[in-house]
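# Remarks on the overall topology
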Amino acid sequence: MQERQVYMVGRSRNCNIRLGDGAVSGTHASLKSRSGLWFLSDLQSRHGTRVNKQKMTDALKPLFDRDTIQMGATLMEFRQYEELDDETLAEIEKGVVAP
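Rules used in this analysis
Residues numbered from 1 in each chain as written. Predicted model: local features only at pLDDT ≥ 70, side-chain atom pairs only at ≥ 80, totals over all residues. Heavy atoms only, no water. Helix = DSSP H or I, 4+ residues; strand = E, 2+ residues; numbered from the N terminus. Buried < 20%, exposed > 50% of the residue type's maximum accessible area, 1.4 Å probe, protein only. Polar contact = N/O pair within 3.5 Å; in protein donor to acceptor, adjacent residues only side chain to side chain. Contact = heavy atoms within 4.5 Å. Core = buried A, V, L, I, M, F, W, Y, C linked by side-chain atoms within 4.5 Å.

## Quick notes on the side chain of Ser-25
- Secondary-structure assignment places Ser-25 in the loop between strand 2 (17-18) and strand 3 (29-34).
- With relative accessibility at 17%, the residue Ser-25 sits in the buried group.
- Here the side chain of Ser-25 touches Arg-46 through a polar contact of 3.2 Å, landing on its backbone nitrogen.
- Discounting residues that sit within four places of it in the chain, Ser-25 has contacts with Gly-10, Arg-11, Ser-45 and Arg-46.

Given below as structure tokens:
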């Protein structure tokens, strides 16, 4: 089992991924890894977060290779280099429950 990783994204010096965009909150979002899967959470940011041009409405959004993430005017592309098996993909499509 892979170690869980958490990265904070925002303008704050305390963030692991710092963005110099005035429309991005100090601590805008978090990226979490669990068992090889990555999830994005918007941390009640002022302007919200979009994944593939859709505003996030769920507390936790699974990310897939080449998904686009927009925070403020900053547009990023998520890259996943690990292949997921069909069973894992089917579970993700049903809905995600993360601790």
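## Here's the deal with the nonpolar core
- Core analysis: the biggest nonpolar cluster contains 13 residues, and Leu-31, Leu-40, Leu-63, Ile-69 and Met-71 have the highest contact counts within it.
- If you list the elements that add at least two residues to this core, you get strand 3, strand 4 (37-42) and strand 8 (68-71).
- When neighbours within four sequence positions are excluded, Leu-40 is seen to be in contact with Ala-29, Ser-30, Leu-31, Thr-49, Val-51, Met-56, Ala-59, Leu-60, Lys-61, Leu-63, Ile-69 and Met-71.

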